Number of protein chains: 2
Amino acid sequence: METIVQAEHLRTFVEQVYQTIGAPKEYAQTSAEVMVEANLCGVDSHGVRMLPGFVTLARNGKINPKGKIGVIKDTPVIAHLDGGLAPGHVVSVRAMKMAVEKARGVGIGFVLVRNSTHWGRAAYYPVIAAREGCLGICFVNTESNMPYWGTRAPRIGNNPLSIGAPRASGDPVVLDMAMSQAAFFKIVLYNREGKKVPLGWGVDEQGRPTDDPAAIIKSKRLVPAGQHKGSGLALMIDILTGVLSGGMFCGELLNEAKGMPHATAYSQAFLAIDIASFLPLEAFKRRVDELLTYVKEGPLAEGFSEISIPGERSWREKALRERVGIPLDEITLNELRALAEQTGIPSFPVSAIEP
Amino acid sequence: METIVQAEHLRTFVEQVYQTIGAPKEYAQTSAEVMVEANLCGVDSHGVRMLPGFVTLARNGKINPKGKIGVIKDTPVIAHLDGGLAPGHVVSVRAMKMAVEKARGVGIGFVLVRNSTHWGRAAYYPVIAAREGCLGICFVNTESNMPYWGTRAPRIGNNPLSIGAPRASGDPVVLDMAMSQAAFFKIVLYNREGKKVPLGWGVDEQGRPTDDPAAIIKSKRLVPAGQHKGSGLALMIDILTGVLSGGMFCGELLNEAKGMPHATAYSQAFLAIDIASFLPLEAFKRRVDELLTYVKEGPLAEGFSEISIPGERSWREKALRERVGIPLDEITLNELRALAEQTGIPSFPVSAIEP
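What counts as what
- Residues numbered from 1 in each chain as written.
- Chains lettered and ligands numbered in written order.
- Predicted model: local features only at pLDDT ≥ 70, side-chain atom pairs only at ≥ 80, totals over all residues.
- Heavy atoms only, no water.
- Helix = DSSP H or I, 4+ residues; strand = E, 2+ residues; numbered from the N terminus.
- Rg over C-alpha atoms; globule rule 2.2 N^0.38 Å.
- Buried < 20%, exposed > 50% of the residue type's maximum accessible area, 1.4 Å probe, protein only.
- Contact = heavy atoms within 4.5 Å.
- Areas by Shrake-Rupley, 256 points an atom, 1.4 Å probe, with all protein chains shown as cover.
- Lys, Arg positive; Asp, Glu negative; His and termini not counted.
- Charge placed at Lys NZ, Arg CZ, Asp CG, Glu CD.
- Expected span 1.5 Å × (residues − 1).
- Least-squares fit on C-alpha atoms with pLDDT ≥ 70 in both.
- Pairing = 2+ DSSP bridges.
- Axes fitted to C-alpha atoms, helices over the stretch in contact; angles between N-to-C directions.
- Domains from an automatic or database assignment.
- Buried area = accessible area lost by both parts, 1.4 Å probe.
- Salt bridge = Lys/Arg side-chain N within 4 Å of Asp/Glu carboxyl O.
- Polar contact = N/O pair within 3.5 Å; in protein donor to acceptor, adjacent residues only side chain to side chain.
- Nonpolar A, V, L, I, M, F, W, Y, C, P; charged D, E, K, R; others polar.

Trainee: I keep staring at the overall build of chain A and nothing clicks. Help me out?
Mentor: Secondary structure assignment for chain A yields 12 helices and 12 strands. Over its C-alpha atoms chain A spans a radius of gyration of 20 Å, differing by no more than 12% from the 20 Å that the globule rule assigns to 355 residues. Dimensions of chain A, computed from the C-alpha atoms along their principal axes, are close to 50 × 50 × 45 Å. Buried residues in chain A amount to 61% of all 355 residues. When contacts within chain A are restricted to residue pairs at least 6 apart in sequence, long-range pairs at least 24 apart make up 67% of them. Accessible area of chain A: about 13500 Å², with a carbon and sulfur share of 50%. Across chain A, the mean location of the 38 positive side-chain charges is 4 Å away from that of the 37 negative side-chain charges.

Right under this line is the structure:
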């Protein structure tokens, strides 16, 4: 049996929870919008599942639900912000919009943030840029959760990046990738199903490649995507975010994460490039479509039924879930209901679908 | 027996060859400098080995050794250039320096180029930025040479990116990575030695993973680094370069490459971020050192004797080769000598080292 929730009910619930812990209405609305969009797009790992963790962090003073975003520097081209540990969704939407505004004026805009908190699903932000006629590129650092290539202990974060661009015939193409080969939750799922994972997803506590999901879950050591390439790129992203912003880098964030659902005080970078400064926007969008068509028309390899371009599955899932609702797993459902009781706000209506 | 050439002799030779095919002295000097730097840094695949191919392309009108770089747009923040098929080294040095100059003025600079040609070793360019107190980021597109994840035919280039940053205690940290898991030449080497390659480096003509290097050499199909992640990032890089610049994308470049050593008319993007706009430069450099020390002090995984951070091996190799000279493989040596005969310029002195 699967439990289904409508997006609007989930949004209202998240918004109320945020306000209960002290967030102003505008912050609460933004966080709810970004979080539920992740669920709509099928990225449940970064949706409302994270809400109980945010509440815990707020109660421990690690997130400030009404944190003020400080402006260290703001020019027509760049900005340097201090997130004040405000909700990462709010900080990131603000920063991406600033970058877009600058790009509109001078061709490119770059906004760098320190002391932000978890931004949820990365793809949300470049899509803001893409819908405004820009290419959007975002980076974030995170606590050490991968062995740097050649180490057997976590020494670098799987620092995600996300890039989005508009196209003529549909929603933006948007890449959202962490620098680990596989998501931790994917490995947990394999373990539950008693399946081996492919070699190259994780290592055991000695840093040895293993196909045993339990050994990876125990070691908490994800393998970098593309081995040395993933850890090298993750390192450069930490320099671009944690170091350049004057914030914390992976090892310092790992200390910050002790005993908490995850770290806070992340650093994020937002770049917007105004497309029309280089090519008429409509011509650009048509050319993106041409490239995507060329890629999608490639002959299928064995074992594949389609060529999937970045973001495509999410937009398809969104169309479906806007119609039928968002499925919630039992653990998340119970945690959200417990949160409703604790905070004294009404829970959301659900419907059950027989399998 | 190994043949050794001193860098200065190789530089003089390359410079003369370029001038013989019509390059002005300044262009020839720049190309020679970038090309021989690749050999010094141990990246022989992108050094003088490429010279005969450049000459062939020039003779076929695919590279214009005296091509003028056209300025489509130039503001204090961004520039849009047309490389005029001039030598890619020359175009790229010019573009990166422009980006740095803009960054110095306004905090960030972005220069986008179409109709450039092969830039050789990517890492050369962000190092220019790093030595001027900037973070440098460069992207380039190339002809389709990888199956996009899920296809069995090449449908995307292995579009490299390179990122460089200064540090306090040594040469810049510089990442230089193509989006394929392994370099083609590495697979050729395994084949010569009769060894199997790890699964995940290449696929056969049906798109099936194989450990047989001969099957990969035959199919010319490299696997994207991190599977779908490498091909996704490569796609976004093609949008940022080939599409946004108004140039050609991977499939069009593949047509361009027919019967030639490789394609031309590549698109390149150069981003410079002025570090001092965000953090005092010396503080930044010390923080980079702290991060690198943290990573390098990680406990070694089995089978590793050190943790290598991006660029480290190249700088070490450069120190060695500046002292003892550059080893040249027999095929390259013979091709360069043939070029000397054809162009009527004197060959370079070599010394032989007994193994």
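Right, picking up where we left off after that structure.
Trainee: Looking at this structure, how should I read helix 11 (residues 312-324) of chain A?
Mentor: One turn of the α-helix equals 3.6 residues, which is why residues spaced by three or four share an orientation. Residues and elements named next belong to chain A. For helix 11, which comprises 13 residues, the first-to-last C-alpha distance of 19 Å matches the rise-based estimate of 18 Å (1.5 Å per residue) to within 8%. Looking at helix 11, one finds that the buried residues are E312, S314, W315, K318 and R321. Residues of helix 11 that are buried make contact with helix 2 (25-40), helix 5 (124-131), strand 9 (173-177), helix 10 (281-296) and strand 11 (326-328). The positive-phi residue at the C-terminal boundary of helix 11 is G325, with phi of around 105 degrees.

Trainee: Help me understand the relation of the copies chain B and chain A, please; the structure alone is not making it clear to me.
Mentor: What relates the pair of chain copies is a rotation about an axis plus a shift along that axis. Rotating chain B by 180 degrees and moving it 0.0 Å along the rotation axis overlays it on chain A with an RMSD of 0.0 Å. Taken together, the rotation and translation relating the two chain copies correspond to the operation of a two-fold axis. Among all residues of chain B, the minimum C-alpha distance to the rotation axis is found for G226 of chain B, at 2.1 Å. Comparing interface residues between copies, 100% of those in chain B also sit at the interface in chain A, which points to an isologous, same-surface contact.

Trainee: Whenever I open this one, the sheet that holds strand 10 (residues 266-274) of chain A confuses me. Can you help?
Mentor: Picture the strands of a sheet paired through backbone hydrogen bonds; they go either parallel or antiparallel. Residue and element names in this part refer to chain A. Here 7 strands make up an open sheet; going across it, the order is 2-3-4-10-5-8-9 and the pairing mixed. Pairing within the sheet leaves two strands with one partner each, and these edge strands are strand 2 (70-74) and strand 9. Taken over all neighbouring pairs, the strand axes of this sheet differ in orientation by 10 degrees on average, direction set aside. Pairing of strand 2 with strand 3 (residues 78-82) involves 4 bridges; the strand directions are antiparallel.

Trainee: What am I meant to see in the domain arrangement of chain A here?
Mentor: When the parts of a complex come together, some accessible area is lost, and that lost area is often taken as the interface size. Assigned domains of chain A: these are domain 1 (1-66 + 325-355), domain 2 (67-180 + 225-314) and domain 3 (183-223). Between the C-alpha centres of domain 1 of chain A and domain 3 of chain A the distance comes to 29 Å.

Trainee: Where do I start with the interface of chain B and chain A in this structure?
Mentor: The interface of chain B with chain A comprises 82 residues on the first partner and 82 residues on the second. Among the residues of chain B in contact with chain A, K229, F278 and Y294 of chain B are the three that bury the most area, contributing 11% of the side total. Across the chain B-chain A interface, the total number found is 4 salt bridges. Note that R208 of chain A and E302 of chain B form a salt bridge whose closest N and O atoms lie 3.4 Å from each other. Summed over the shared surface of chain B and chain A, the result is 24 residue pairs in polar contact (both at pLDDT 80 or more). Sort the elements by how many residues they give to the side of chain B that touches chain A and helix 8 (residues 228-243) of chain B lands first, with 10 residues. Looking at side-chain class alone, the side of chain B that touches chain A contains 50 nonpolar, 21 polar and 11 charged residues.

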